[in-house]
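# Geometric and topological summary
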Amino acid sequence: MPSFRGVDYLHIDSLLNDDEKLVRQTTRQFVEDRVVPVIKDCYNQGRFPAELIPEMGEMGFFGANLDGYGCAGMSNVEYGLIMQELERGDSGLRSLVSVQGALVMYPILTYGSEEQRKRYLPKLAKGEMIGCFGLTEPGYGSNPAGMTTTATRDGDSWVLNGEKTWITNGTVADVAVVWARTPEGVRGFLVEKGTPGYKTSDIHGKLSMRASVTSSLSFSDCRISECHRLPEAQGLKSALGCLSQARFGIGWGVLGAAMDCFETARQYTMVRKQFDDRPIASHQLVQEKLAWMVTEITKGQLLAIQCGRLKDARKLDFAHISMLKRNNVAMALECARLSRDLLGGNGIIDDYPIMRHMCNLETVKTYEGTDHIHTLVIGERVTGIPAYK
Amino acid sequence: MKILVALKQVPARDSLLRIDASGRWLDESDLSFEINEPDAYALEAALQLKEQHGGEVVVLSAGPERAVSAIREALAKGADRAIHVEQENLGEFDTLSLAKLLAAAASSEKADLILTGLQSDDLGSGQTGVIMAELLGLPHATIIMAVEASGQGVRVKRELEAGWFQHVSMPLPAVLTIQSGINKLRYATLMGIKKAKTKEVRKLTAAELGVQPESSVSLLRIYQPKRVKQTQMLAGAPAEQAAQLVEKLKFEARVI
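As the structure is a prediction and not an experimental result, all values here were calculated from the model.

## Considerations on the overall build of chain B
The number of helices and strands found in chain B is seven helices and 11 strands. Summarising its shape, the C-alpha atoms of chain B cover approximately 75 × 45 × 40 Å along the three principal directions. For chain B, buried positions account for 42% of its 256 residues. Counted over contacts in chain B with a minimum sequence separation of 6, partners at least 24 positions apart contribute 68%. Taken as two groups, the 30 positive and 32 negative side-chain charges of chain B have centres that lie 3 Å from each other.

Take a look at the structure:
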């Protein structure tokens with residue numbers, strides 16, 4: 001198959017400047033050279049391609065839209081394009097980068113002390129350290145306000161008890177950003193690998209995100225010092241602020257998966273012949289699916305660009321991001337399903353990336369705020385009435 | 001060592017190429033562009049020499065305003081600064097004019113080494129580097145596979161035909177035209193892209209360089225190559241097919 005050229009039905013590129021296009025091109029080339037050749041085997045074997053981490057650090061992918069401490073200082077549109085290209089490779093790889101940048105580096109930069117920033121950010125940016133983000137618990141997913149993990153003050157230290165689950169990068173992480181309940185409210189803590197009382201284990205049997213590590217974290221009288229608390233993190237809204245960053249990246253990322261599915265299906269239907277030796281792309285039902293996909297991808301691109309421009313102007317809020325994440329993930333998943341349909345039986349085998357994207361996108365639909373929760377965020381924004389309970 | 005890299009922006013290799021209404025050039029409206037491939041290898045060779053021996057890499061490109069994106073990419077990969085000879089419709093002029101522009105811009109730089117690709121992916125005349133060397137009065141070597149700086153000069157490996165190579169030692173300053181694929185191209189990192197924003201791109205015009213581009217050759221028409229290969233299916237029993245095949249090989253292909 002020819003190399004990936006993206007999808008640009010509506011001259012969306014005319015909305016991008018030269019630097020943005022160069023960022024996309026260099027990321028696309030990296031994915032083409034380094035990810036595409038290995039990702040099928042990684043996915044099949046359930047292997048996390050850790051060997052790519054230093055290279056991605058060298059490229060500047062980790063915390064790319066953050067400034068200082070060794071971060072690349074990209075705009076949010078540039079960051080979005082990086083996510084798009086990475087997720088065109090694989091959602092699991094994009095998840096690794098999303099978590100590292102938006103859920104670990106962002107809170108350390110935003111809520112951390114100067115000492116914490118200096119200690120962690122340069123290494124996280126280079127990929128010399130990996131981080132994870134512990135918010136979700138076995139009993140509390142969409143409703144994190146119910147969390148039961150506690151942090152109890154004991155002199156100059158804190159004692160953590162509880163369990164976190166569905167944690168991307170958990171067992172490979174050198175540092176975990178952990179959210180726990182204290183008498184003063186929810187607070188964020190930095191827990192380093194090897195801290196006594198802190199244990200991690202992988203979740204096995206995943207039929208999605210197989211090239212990414214997903215884990216559970218457990219804290220049993222895990223004692224950390226006050227200097228490992230994020231001093232500026234006050235309440236659950238600090239944790240949700242991180243999620244907004246990550247969801248923004250997801251809204252862009254899934255465009256890449258959708259584009260890959262669409263392009264695979266478009267090219268396949270142009271050469272696959274059936275009935276009268278004609279390509280199936282000449283059939284109206286096939287064209288309807290292609291037309292739907294390219295239209296929805298284009299709308300998703302416009303949504304993403306507008307959100308990116310708003311974010312660069314500091315005018316993007318969480319309810320905008322809910323629309324971006326919800327719409328684009330559902331759209332990408334539908335593109336994967338339609339593309340699978342167009343490839344017939346070939347759609348289910350790993351010669352093509354479609355089934356892998358489809359399985360991954362089922363996770364993406366759920367994590368970082370489910371489709372339902374984002375619907376309710378949008379619903380609350382337009383009615384003023386919260387309908388979560 | 002001060003190294004000048006002359007590079008050209010050309011239509012990207014995987015673009016859908018459409019011929020414009022004049023029939024003399026491509027429709028550029030939805031074309032994407034990239035650094036000419038052999039020039040990208042020339043840039044990489046220059047960056048590697050700088051890493052080994054220190055110095056400066058200066059990018060020189062002649063082309064329309066859009067060529068600045070190729071220049072920015074080169075700066076993002078590590079070139080120190082750039083000179084952009086801004087000139088529309090360069091393709092309408094001959095290689096001598098282009099070489100005059102480049103030589104005029106290069107002359108004040110007094111570079112130790114000038115590298116460029118051996119030819120361009122669009123027009124492919126393969127002359128620009130060589131004519132530029134002549135105009136500058138510098139020694140040159142073409143189809144270079146490897147460059148080693150040694151003492152006051154360079155030792156280069158030239159590609160000849162049929163797997164033969166020639167090793168040449170030459171004095172500096174010199175002009176080398178670089179073959180594609182001789183090294184591993186680096187990526188423009190995000191930090192590099194960010195840093196490139198602050199690097200100098202000096203703009204020059206043909207008038208400022210005292211060059212009047214002209215054309216001693218004219219491009220009459222470009223066209224998509226016609227498919228000339230044909231497949232014929234031979235019918236009949238195996239013996240009949242064999243007889244037909246022999247007939248065709250004798251009288252049509254004339255190989256037996």
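## Focus: the sheet that holds strand β1 (residues 2–6) of chain B
Residue and element names in this part refer to chain B. Spatially, nine strands are ordered β9-β8-β7-β10-β6-β1-β4-β5-β11 in an open sheet, and the strand pairing comes out mixed. Strand pairing shows two members of the sheet lacking a second neighbour, β9 (165–171) and β11 (201–204), which therefore form its edges. When the angles between neighbouring strand axes are averaged without regard to direction, this sheet yields 30°. Pairing of β1 with strand β6 (residues 113–117) involves four bridges; the strand directions are parallel. In the strand pairing of β6, Ala6 is matched with Thr116. Running over the sheet, helix α3 (residues 95–107) touches β1, β4 (56–63), β5 (81–86), β6 and β11 and is turned about 145° from β4.

## Considerations on the packing of helix α8 (residues 318–342) of chain A against helix α10 (residues 371–383) of chain A
Residue and element names in this part refer to chain A. Between α8 and α10, the shortest axis-to-axis distance is 9 Å and the interhelical angle comes to 140°. By the criterion of interaxial angle, the relationship of α8 to α10 is oblique. In this structure, α8 meets α10 at a crossing whose hand is left-handed. On α10, the residues that touch Phe318, Ala319, His320, Ser322, Met323, Lys325, Arg326 and Ala330 of α8 are Asp371, His374, Thr375, Val377, Ile378 and Arg381. Residues that form the contact of α8 with α10 fall into these classes: six nonpolar, four polar and four charged.

## Side note on the packing of helix α7 (residues 284–312) of chain A against α8(A)
Packed helix pairs are characterised by how far apart their axes lie and by the angle those axes make with each other. All names here are of chain A. At a closest axis distance of 10 Å, the pairing of α7 and α8 adopts a crossing angle of 155°. Between α7 and α8, the angle falls in the class roughly antiparallel. The handedness of the crossing between α7 and α8 is left-handed. Along its contact with α7, which presents Val286, Lys289, Leu290, Trp292, Met293, Glu296, Ile297, Gly300, Leu303, Ala304, Cys307 and Leu310, the element α8 presents His320, Met323, Leu324, Asn327, Asn328, Met331, Glu334, Cys335, Leu338, Ser339, Asp341 and Leu342. Its residues assigned to classes, the contact of α7 with α8 shows 15 nonpolar, five polar and four charged.

## Some thoughts on the environment of Asp122(B)
All names here are of chain B. Positionally, Asp122 belongs in the loop between β6 and α4 (128–136). When the C-alpha atoms of Asp122 and Gln9 are compared, they prove to be 9.3 Å apart, with 113 residues separating the residues in sequence. Polar contacts involving the side chain of Asp122 include one to the side chain of Lys8, which spans 3.0 Å. Within polar-contact distance, the side chain of Asp122 engages the side chain of Ser120 at 3.2 Å.

## Looking at the interface of chain B and chain A
Across the contact, 16 residues belong to chain B and 26 residues belong to chain A. Interface area for chain B against chain A, summed over the two sides, is near 1700 Å², with a carbon-plus-sulfur share of 61%. The partner of Lys197(B) in a salt bridge is Asp19(A), with the nearest N and O atoms 2.9 Å apart. Scanning the region where chain B abuts chain A turns up seven residue pairs in polar contact (both at pLDDT 80 or more). Where the side of chain B that touches chain A is concerned, the elements lending two or more residues are α2 (68–77) and α5 (190–196) of chain B. The biggest single contributor to the side of chain B that touches chain A is α2(B), with five residues. Here the residues of the side of chain B that touches chain A sort into eight nonpolar, two polar and six charged.

## Here's the deal with the confidence of the model for chain B
Overall, the prediction assigns chain B a mean pLDDT of 94, with 100% of residues at 70 or greater. For this predicted complex, the interface score ipTM comes out at 0.93, alongside a pTM of 0.93.

## A look at the domain arrangement of chain A
Residue and element names in this part refer to chain A. You can read the domains of chain A as domain 1 (12–126), domain 2 (131–234) and domain 3 (237–383). Contacts between domain 1 and domain 2 engage 28 residues on the former and 25 residues on the latter. Together domain 1 and domain 2 conceal approximately 2000 Å² of surface at their shared face, both sides included; 65% is due to carbon and sulfur atoms. With a closest N to O distance of 2.6 Å, Arg119 and Glu192 form a salt bridge. The interface formed by domain 1 and domain 2 includes nine residue pairs in polar contact (both at pLDDT 80 or more). Secondary-structure elements contributing two or more residues to the side of domain 1 that touches domain 2 are α1 (18–45), α4 (91–111) and α5 (114–126). With 12 residues, α4 is the largest single contributor of residues to the side of domain 1 that touches domain 2. Residue composition of the side of domain 1 that touches domain 2, by class: 14 nonpolar, 11 polar and three charged.

## Structural notes on the packing of aromatic side chains
Residues and elements named next belong to chain A. By the definition in use, this model includes eight aromatic pairs over all chains. Relative to Phe219, the ring of Tyr198 has its centre 5.2 Å away and its plane inclined at 5°; by these criteria the two rings are stacked. Remark: Phe219 occurs in strand β7 (residues 214–225) and Tyr198 occurs in strand β6 (residues 198–202); sequence separation between them is 21 residues. The class for Tyr198 is buried, based on a relative accessible area of 9%.

## With respect to the pattern of salt bridges
All names here are of chain B. For the coordinates displayed, the defined rule picks out 36 salt bridges over all chains. For Lys8, the salt bridge goes to Asp122, with nearest N and O atoms at 3.0 Å. Here Lys8, found in the loop between β1 and β2 (9–11), pairs with Asp122, found in the loop between β6 and α4; they are 114 residues apart in sequence, far enough to count as distant. Through salt bridges with shared partners, one network takes in Lys2, Glu56, Arg81, Glu109 and Arg202.

## Here we look at unusual backbone geometry
Going from Leu172(B) to Pro173(B), the amide bond is cis rather than trans, its omega being -5°. Residue position: Pro173(B) is located in the loop between β9 and β10 (174–178). Of note in this structure, Asn169(A) is not a glycine but carries a positive phi near 70°. Within the secondary structure layout, Asn169(A) lies in the loop between β3 (157–168) and β4 (175–182). Of note in this structure, Ile143(B) is not a glycine but carries a positive phi near 50°. Mapping Ile143(B) onto the fold places it in strand β7 (residues 140–150).

Rules behind the numbers
- Sequence order sets the numbering: in each chain, residues are counted from 1 along the sequence as written.
- Labels are handed out in written order, letters beginning with A for the chains and numbers beginning with 1 for the ligands.
- Since the coordinates come from a predicted model, pLDDT governs what is reported: local features require at least 70, and pairs of side-chain atoms require 80 or more to be given and counted, while whole-chain, interface and lining totals use all residues.
- With hydrogens and water excluded, all non-hydrogen atoms of the structure serve as input to the side-chain values.
- Secondary structure elements follow DSSP: runs of H or I of four or more residues count as helices, runs of E of two or more count as strands, with numbering from the N terminus.
- Burial classes: relative accessible area under 20% of the type maximum marks a residue as buried, over 50% as exposed, and values in between as partly exposed (1.4 Å probe, protein chains only).
- Should any heavy atoms of two residues lie within 4.5 Å, those residues are considered in contact.
- Positive: Lys, Arg. Negative: Asp, Glu. His and the chain ends are not part of the count.
- Just so you know, the charge point we use is NZ for Lys, CZ for Arg, CG for Asp and CD for Glu.
- Criterion used throughout: strands pair if DSSP finds at least two bridges between them.
- With axes taken as lines fitted to C-alpha atoms, and helix axes fitted only over the stretch in contact, angles between N-to-C directions fall between 0 and 180 degrees.
- With respect to orientation, any angle under 35 degrees is reported as roughly parallel, any angle over 145 as roughly antiparallel, any angle of 65 to 115 as roughly perpendicular, and every other angle as oblique.
- Crossings are classed by handedness, with left-handed meaning an anticlockwise turn of the near helix from the far one by less than a right angle and right-handed meaning a clockwise turn.
- As a working rule, the residues Ala, Val, Leu, Ile, Met, Phe, Trp, Tyr, Cys and Pro are called nonpolar, Asp, Glu, Lys and Arg charged, and the rest polar, with Gly in that last group.
- Polar contacts, as used here, are pairs of N or O atoms within 3.5 Å; protein pairs need one atom able to donate a hydrogen and one able to accept it. Residues neighboring in sequence count only if both atoms are side-chain atoms.
- Here the quantity called buried area is the accessible surface, traced with a 1.4 Å probe, that two parts lose on coming together, added over both.
- Each salt bridge in this description consists of a side-chain nitrogen of Lys or Arg and a carboxyl oxygen of Asp or Glu lying within 4 Å of one another.
- Confidence of the predictor at the level of single residues is captured by pLDDT, which takes values from 0 to 100.
- What counts as a domain boundary in this text is fixed by an automatic or database domain assignment.
- Under the pairing criterion, centres of Phe, Tyr and Trp rings, with the six-membered ring standing for Trp, must be within 6.5 Å; the plane angle then separates stacked pairs below 30 degrees from edge-to-face pairs above 60, leaving the rest tilted.

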